[in-house]
Amino acid sequence: MRPTVIADKQDRWLPAAMLVPLLVGIAVLVIAPLAWGLRISLTDSKMIGLGFRDGLTFKNYGSVLTDPDTWNAVWVTIVFSGGTVVGSVLLGIAAALVLDREFFGRGLVRVMVILPWAVPHVVAALVWQWMYNPDFGIVNYGLLLLPWVESTPKWLSDPQYALLAIILVNVWKTYPFAVLLLLAGLQTISDDLYEASAIDGAGPMRRFFDITVPGLRRVLAIVVLLLLIWSFGNFVFIFLMTQGGPAGATNALVVHIYFEAFRFFRAGSAFAMGSLLLAMSIILTSIYIMVSRGQEHD
């Protein structure tokens, strides 16, 4: 019986012991930097390394919340994230419905659809920057082939089109993720429902809204929330393609924080804005967790 007792003690402590490296890593790489950043956001520090020497103050949060540039960055972030989600979901649903059908070469088409997801962000940003070139870019060249187009925009240097251009790139990059999840969701919808609906005289649109959309409700909730979370922190496309310009048209909150910290060296206000971005991300993540748990109990 004694070896059994020893084995029981080992089984009892082994899971906790295996969690120790993970907890230490989280404490060192996540919790400590967050606490340090929060401490700096309550100081008048101009340099990141001097945060602990200054007195506490809430002036940074007041200046951030009353700064028009901050609210412009928040608005750009909302438009960028919303446009990405709407575009990716609509394009993802359309592609998933096509790929759910049997046709010659479907396997190859599925591979082609997933390719944008596999392209690194830096490579995608540089390629699209060249494609948007107003003089020899393929985007404007294709637009000029249309009979009703007489002039083409300067995508990345015109404030009217710059944000739209970045959104289109992000949609191209993220819609394959929506396709994967939505295609998996379509596989769970029984064909008997479509057959019964067709017998009752329902048309394609009626079957889509009465069967497909309700069947994809859970998957759509997860896709929307994940895309929102990822879009909020998207830095590479905006920084490499426009650096927040022109005239702040693409200056999303994450880019604004970067410039505040590493170009203007205002560490306190940068970490204050970072705290606001973290709060927004926590809210979205909490919604995602609640939706996931709710679906598990359904």
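Small disclaimer: the values here were computed from a predicted structure and weren't measured.

The rules we used
- Residues numbered from 1 in each chain as written.
- Predicted model: local features only at pLDDT ≥ 70, side-chain atom pairs only at ≥ 80, totals over all residues.
- Heavy atoms only, no water.
- Phe/Tyr/Trp six-rings, centres within 6.5 Å; stacked < 30°, edge-to-face > 60°.
- Lys NZ or Arg CZ within 6 Å of the ring centre and 35° of its normal.
- Salt bridge = Lys/Arg side-chain N within 4 Å of Asp/Glu carboxyl O.
- Buried < 20%, exposed > 50% of the residue type's maximum accessible area, 1.4 Å probe, protein only.
- Helix = DSSP H or I, 4+ residues; strand = E, 2+ residues; numbered from the N terminus.
- Patch = residues over 30% accessible without salt bridge, like charges linked within 9 Å, V, L, I, M, F, W, Y side chains within 5 Å.
- Areas by Shrake-Rupley, 256 points an atom, 1.4 Å probe, with all protein chains shown as cover.
- Lys, Arg positive; Asp, Glu negative; His and termini not counted.
- Charge placed at Lys NZ, Arg CZ, Asp CG, Glu CD.
- Core = buried A, V, L, I, M, F, W, Y, C linked by side-chain atoms within 4.5 Å.
- Contact = heavy atoms within 4.5 Å.
- Polar contact = N/O pair within 3.5 Å; in protein donor to acceptor, adjacent residues only side chain to side chain.

1. Some details on the packing of aromatic side chains
Line of reasoning, step 1. In this structure the tally under the stated criterion is 16 aromatic pairs.
Line of reasoning, step 2. Measuring from centroid to centroid gives 6.1 Å for Trp130 and Phe136, while their planes differ by 45 degrees, and the two rings are tilted.
Line of reasoning, step 3. By the ring-pair criterion, three or more aromatic residues cluster together here, those being Trp128, Tyr132, Trp155, Tyr161 and Trp172.
Line of reasoning, step 4. Looking at Lys173, its charged tip hangs above the ring of Trp117, at a distance of 5.3 Å from the centre.

2. Concerning the pattern of salt bridges
Line of reasoning, step 1. On inspection of all chains with the given rule, the structure shows three salt bridges.
Line of reasoning, step 2. Arg106 is the partner of Glu102 in a salt bridge, and the nearest nitrogen-oxygen pair spans 3.2 Å.
Line of reasoning, step 3. Under the relative-accessibility criterion, Glu102 is labelled exposed at 68%.
Line of reasoning, step 4. For Arg206, the salt bridge identified is with Asp210, shortest N-O distance 2.4 Å. Note that Arg206 and Asp210 are positioned in helix α9 (residues 204-215) at a spacing of four residues, about one turn of the helix.

3. Things to note about a negative patch on the surface
Line of reasoning, step 1. Together, Asp100, Asp191, Asp192 and Glu195 make up a region of like negative charge exposed at the surface.
Line of reasoning, step 2. Residue placement: Asp192 occurs in helix α8 (residues 191-199).

4. As for the nonpolar core
Line of reasoning, step 1. Val89, Tyr132, Leu156, Ile166, Leu182 and Met241 are the most contacted members of the largest nonpolar core, which totals 58 residues.
Line of reasoning, step 2. Looking at this core, the element that brings in the most residues is helix α7 (residues 162-187), giving 13 residues.
Line of reasoning, step 3. Among residues more than four places away in sequence, those in contact with Leu156 are Gln129, Tyr132, Ala162, Ala165, Ile166, Met241, Thr242 and Pro246.

5. Quick look at the side chain of Thr242
Line of reasoning, step 1. Looking at where Thr242 falls in the secondary structure, it is placed in the loop between α11 (236-241) and α12 (253-262).
Line of reasoning, step 2. Judged by relative accessible area, which is 14%, Thr242 ranks as buried.
Line of reasoning, step 3. Of the polar contacts made by the side chain of Thr242, one reaches the side chain of Thr250; its length is 2.6 Å.
Line of reasoning, step 4. Ignoring sequence-local partners within four residues, the contact set of Thr242 consists of Leu156, Ile166, Phe237 and Thr250.

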